[in-house]
Amino acid sequence: MKKLPNKDLRRKIVDMVVTGGDGHIPSAFSIIDIVTLLYKKILKFDAKNPGWLDRDYFILSKGHGCLALYVNLHRHGFITDDDIAMFCKNGGILGEHPDRTKVPGAEASTGSLGHGLGFGVGIALGLKIQNLNNKVFVLVGDGECQEGTVWESANVACNRKLGNLCVIVDWNQSGMQLMPYDDMPKKWEAFGWNVYIVDGHSEGEILEVLNKINFSSNGIPTVIVANTIKGKGVPILEGHGIWHHRIPNPQEYLQIMEVLR
Amino acid sequence: MASPNSESSRVSTNNGSTSMNKSTRQQFADTMFVLGQLDKNIVVLVGDIGHGMLRPYAEACSDRYYNIGILEPTMLTIGAGLAASGLCPVMHTITPFMIERGFEQLKLDFCYHQLPGNIVTVGSAFDYSNLGCTHHCYGDFALLKTLPGTEICFPASAIEFDQLFRQSYKNNKLTVYRIAGYSHGYEFKNKDIVFGKGICVKEGKDVTIIATGPQLQTALEASDKISNNGISAEIIYIHTISPLDLAIIRTSIEKTKKVIVVEEHMRSGGLGDDVLRAVYDVPGLKFHSVSIPDKFVTCYGTYEQLLDFCGITSASIVEICELWF
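Only a predicted model underlies this, so the values are computations on that prediction, with no experimental measurement involved. Positions within a chain are numbered from 1, following the residues in the order the chain's sequence is written. The order in which chains are written sets their letters, starting at A; the order in which ligands are written sets their numbers, starting at 1. For a predicted model such as this one, the threshold for reporting local features is a pLDDT of at least 70, and the threshold for listing and counting side-chain atom pairs is 80 or more; totals across whole chains, interfaces and linings nevertheless cover every residue.

1. Points about the overall build of chain A
Okay, so step 1: Helix numbers and strand numbers start at the N terminus; a helix is a DSSP run of H or I with at least 4 residues, a strand a run of E with at least 2. A tally of regular secondary structure across chain A gives nine helices and five strands.
Okay, so step 2: Start at the N end of chain A and walk to the C end: the helices and strands fall as α-α-β-α-α-α-β-α-β-α-β-α-β-α.
Okay, so step 3: Only the C-alpha atoms count toward the radius of gyration. The rule for a globule is 2.2 Å times the residue count to the power 0.38. Rg of the C-alpha trace for chain A: 17 Å, near the compact-globule value of 18 Å for 261 residues, within the 12% margin.
Okay, so step 4: Looking at the 261 residues of chain A, the share that counts as buried comes to 50%. Here the C-beta atoms are placed from the backbone, and a residue counts as buried if at least 20 other C-beta atoms lie within 10 Å of its own, exposed if 12 or fewer do, and partly exposed otherwise.

2. Regarding the interface of chain A and chain B
Okay, so step 1: A pair of residues counts as a contact when their C-beta atoms, built from backbone coordinates, are within 7 Å of each other. Each partner contributes to the interface: chain A provides 21 residues, whereas chain B provides 24 residues.
Okay, so step 2: Only helix H5 (116-129) and helix H6 (148-159) of chain A provide two or more residues apiece to the side of chain A that touches chain B.
Okay, so step 3: The greatest single-element share of the side of chain A that touches chain B, amounting to ten residues, is contributed by H5 of chain A.
Okay, so step 4: Under the scheme applied, nonpolar residues are Ala, Val, Leu, Ile, Met, Phe, Trp, Tyr, Cys and Pro; charged residues are Asp, Glu, Lys and Arg; polar residues are all the others, including Gly. For the side of chain A that touches chain B, a count of residues per class yields seven nonpolar, twelve polar and two charged.

3. Quick word on the nonpolar core
Okay, so step 1: We define a nonpolar core as a collection of buried residues of the types Ala, Val, Leu, Ile, Met, Phe, Trp, Tyr and Cys that are connected via C-beta atoms lying within 7 Å of each other. One finds Phe137 and Val169 of chain A together with Val44, Ile209 and Ile210 of chain B to be the most contacted residues of the largest nonpolar core, which totals 177 residues.
Okay, so step 2: Of the residues forming this core, the biggest block, nine residues, is contributed by helix H2 (residues 25-42) of chain A.
Okay, so step 3: Taken together, domain 1 (12-183) and domain 2 (190-324) of chain B each give at least three residues to this core, which thus spans both. Domain start and stop positions are those given by an automatic or database domain assignment.

4. Some words on the pairing of strand E13 (residues 258-266) of chain B
All names here are of chain B.
Okay, so step 1: Burial analysis of E13 places nine of its nine residues in the buried class, which makes it a mostly covered element.
Okay, so step 2: Whether two strands pair depends on DSSP finding at least two bridges between them. Across four bridges, the pairing between strand E10 (residues 207-212) and E13 is parallel. Considered in E13, the bridge of Ile209 is made with Ile260.
Okay, so step 3: Bridge count between E13 and strand E14 (residues 286-292): six bridges; the pairing is parallel.

5. Some points on the domain arrangement of chain B
Residues and elements named next belong to chain B.
Okay, so step 1: Taken as a whole, chain B is organised into domain 1 (12-183) and domain 2 (190-324).
Okay, so step 2: Between the C-alpha centres of domain 1 and domain 2 the distance comes to 25 Å.
Okay, so step 3: In this assembly, 29 residues from domain 1 lie in contact with 28 residues from domain 2.
Okay, so step 4: Where the side of domain 1 that touches domain 2 is concerned, the elements lending two or more residues are helix H6 (140-144), strand E6 (151-153), helix H7 (158-168) and strand E8 (182-183).

6. Things to note about helix H5 (residues 103-112) of chain B
In an α-helix, one turn spans 3.6 residues, which is why side chains three or four residues apart end up on the same side.
Okay, so step 1: Of all ten residues in H5 of chain B, seven are buried; the element is thus mostly enclosed.
Okay, so step 2: Buried residues of H5 of chain B: Gln105, Leu106, Leu108, Asp109, Phe110, Cys111 and Tyr112 of chain B, and no others.
Okay, so step 3: Looking at the buried residues of H5 of chain B, the elements they touch are H5 of chain A together with helix H3 (72-84), strand E5 (117-122) and strand E7 (174-179) of chain B.

7. A look at the confidence of the model for chain B
Segments scoring low in pLDDT should not have their predicted coordinates read at a detailed level.
All names here are of chain B.
Okay, so step 1: pLDDT is defined as a per-residue confidence score from the predictor, taking values between 0 and 100. Confidence in the prediction for chain B averages 94 pLDDT; 94% of positions are at 70 or higher.
Okay, so step 2: Counting contacts from residues 1-9, a segment whose pLDDT is below 50, to residues more than four positions away or on other chains yields 15 contacts.
Okay, so step 3: Overall fold confidence for the complex sits at a pTM of 0.95, while the interface term, ipTM, reaches 0.97.

8. A word on unusual backbone geometry
Glycine aside, residues mostly have negative phi, and peptide bonds are mostly found in the trans state.
Okay, so step 1: That bond from Ser242 of chain B to Pro243 of chain B is cis: its omega, 0°, falls within 30 degrees of zero.
Okay, so step 2: Its place among the elements puts Pro243 of chain B in the loop between strand E12 (240-242) and helix H9 (246-256).
Okay, so step 3: Although it is not a glycine, Gln173 of chain A adopts a positive phi angle of roughly 75°.
Okay, so step 4: Considering the arrangement of structural elements, one finds Gln173 of chain A in the loop between strand E3 (165-171) and helix H7 (184-190).
Okay, so step 5: Residues other than glycine seldom take positive phi values, yet Asp48 of chain B does so here, at roughly 55°.
Okay, so step 6: Positionally, Asp48 of chain B belongs in the loop between strand E2 (42-46) and helix H2 (55-60).
Okay, so step 7: By C-beta crowding, Asp48 of chain B is classed as partly exposed, having 14 other C-beta atoms within 10 Å.

9. Points about the environment of Val201 of chain B
Residue and element names in this part refer to chain B.
Okay, so step 1: Position of Val201 relative to the elements: it lies in strand E9 (residues 199-202).
Okay, so step 2: Of the residues examined, Val201 has 19 C-beta atoms within 10 Å and is grouped as partly exposed.
Okay, so step 3: Put simply, Val201 and Gln167 are 34 residues apart on the chain and 21 Å apart in space, counted from C-alpha to C-alpha.
Okay, so step 4: Excluding residues within four positions of it along the chain, Val201 makes contact with Tyr186, Leu216, Ile235 and Tyr237.

10. So, the sheet that holds strand E2 (residues 136-141) of chain A
All names here are of chain A.
Okay, so step 1: The strand order E1-E2-E3-E5-E4 describes an open sheet built from five strands, whose pairing is parallel. Strands with a single pairing partner mark the edges of an open sheet, and in this sheet they are strand E1 (57-60) and strand E4 (194-199). Mean inter-strand twist for the sheet, computed between neighbouring axes without regard to direction, equals 20°.
Okay, so step 2: Both E2 and E3 contribute to a ladder of six bridges, which runs parallel. In this analysis, axes come from line fits to C-alpha atoms, helices being fitted only over the stretch in contact, and the angle between any two N-to-C directions falls in the range 0 to 180 degrees.

11. With respect to the sheet that holds E10 of chain B
Note: strands within a sheet are paired through backbone hydrogen bonds, in either parallel or antiparallel orientation.
Residue and element names in this part refer to chain B.
Okay, so step 1: With mixed pairing, five strands are arranged side by side in an open sheet as E9-E11-E10-E13-E14. Only two strands of the sheet have a single neighbouring strand rather than two, namely E9 and E14. Averaged over all pairs of adjacent strands, the angle between their axes in this sheet comes to 25°, without regard to strand direction.

Rendered as structure tokens:
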């Protein structure tokens, strides 16, 4: 059995939810390995200057997974210990969805599904117009892909040859609860995108694919369909049950932390 | 409801053959052509409309013009993304598809994000009179006023659009330009048009008539008619709905104590509501709104016939004055 990566960040997410009294743990665990890899190995950024013009853009379109973003912004120095401690507290900057006007490093205020990709398409188009080489990454949920605006945006990105854009789909089968026919790769292929399928909890697989993308500003956009498990890493959290938006009680907290030791 | 009162002198600004020789919408295209070459940040997105008129801009600024597709909400989100990348988006298509269908995109992608942009809509109120409710939009002021910081203007002549756009397009806010399909026919000079400032078109002492958009013409006609009965009307023209020039409104109404607001917007949430809120405490105030009733306008016919159906006529204003004096 593979060793679970990012146990420390998973523990921090659980602590934030318990301290803040709110949050979506399984949604964050579903994407934590992807987001962590992006910040560790792929994205160009300057935490001391979040608006640095040469940065790459990461847009978390499924905003309810924001804890995965917050712990990475904290790890890399965008936000402080105090910010983390004030998660969901009056006077803090971190809520249950990211707010770009408050959170250094958050490129988009998301939460209403179906906005992040169009916003990323606009940024990618803007960079192309300005002959800039920054890369744009947008992480969307598979349930979010039921929103029509996702496909409006996908259509534009292909037709405008936004090769500087990479979408990652958190394919944790949430969408299939409502619509069981859900051939995610085929949908993106039909919209003319380069499609890769990876294990979304394997740093090696994700990195290998990311290194294949040439990010040409006049090429075909790329989608990485990441097979993920909602709540990945802690058996009681995994799947699509009551844990979507639940706070662990003291006994459950100990049980979760034992698994994440 | 007032009796039908055909106003055949109304001038369409859609075909360019106006008394002022240019439609407001043609001026939009011309202003883009001029400013687009001066300001390399301007990017125009259209939703499969206006591309013929915008051809000169598109040819001069080919890398900053996109007939982006028939996907209005996403056009707005893309515009917000362009703004986030440092560019100045100008988005253009039919009003209801931008303001009503795209309302959440305006709210979240521009306003919540605090990103600037310019929305140029065509088909105000029921300019597309025969196309039915799908193409009508007469609640846009009300909707947009719920988005903090959003600017709204209603240019009803070419010079107004040109001046208002130049003065506001890069002021770091979301600005909506509701292009009127018909003009009021009144000739303003460049210096008359100041974003956020109302214009006293005619001084008077007995009643204030506040008009926006093409309805300035109705106000002028009514003023002529009631003057025969010895009633002197002061006419205030409002091209900027938000921020509204409360000072010019209050000063006039404190003098006349009587105000009639005439506009092509639903009664609820229109200019009339803002005027009433600004002067509710004026002693002895009399107020009337000549506007679109709070219901769907489902009849067909010309723009003028729909105005008649709604009672937006000079005859309505005359009737009110006859009751008041």
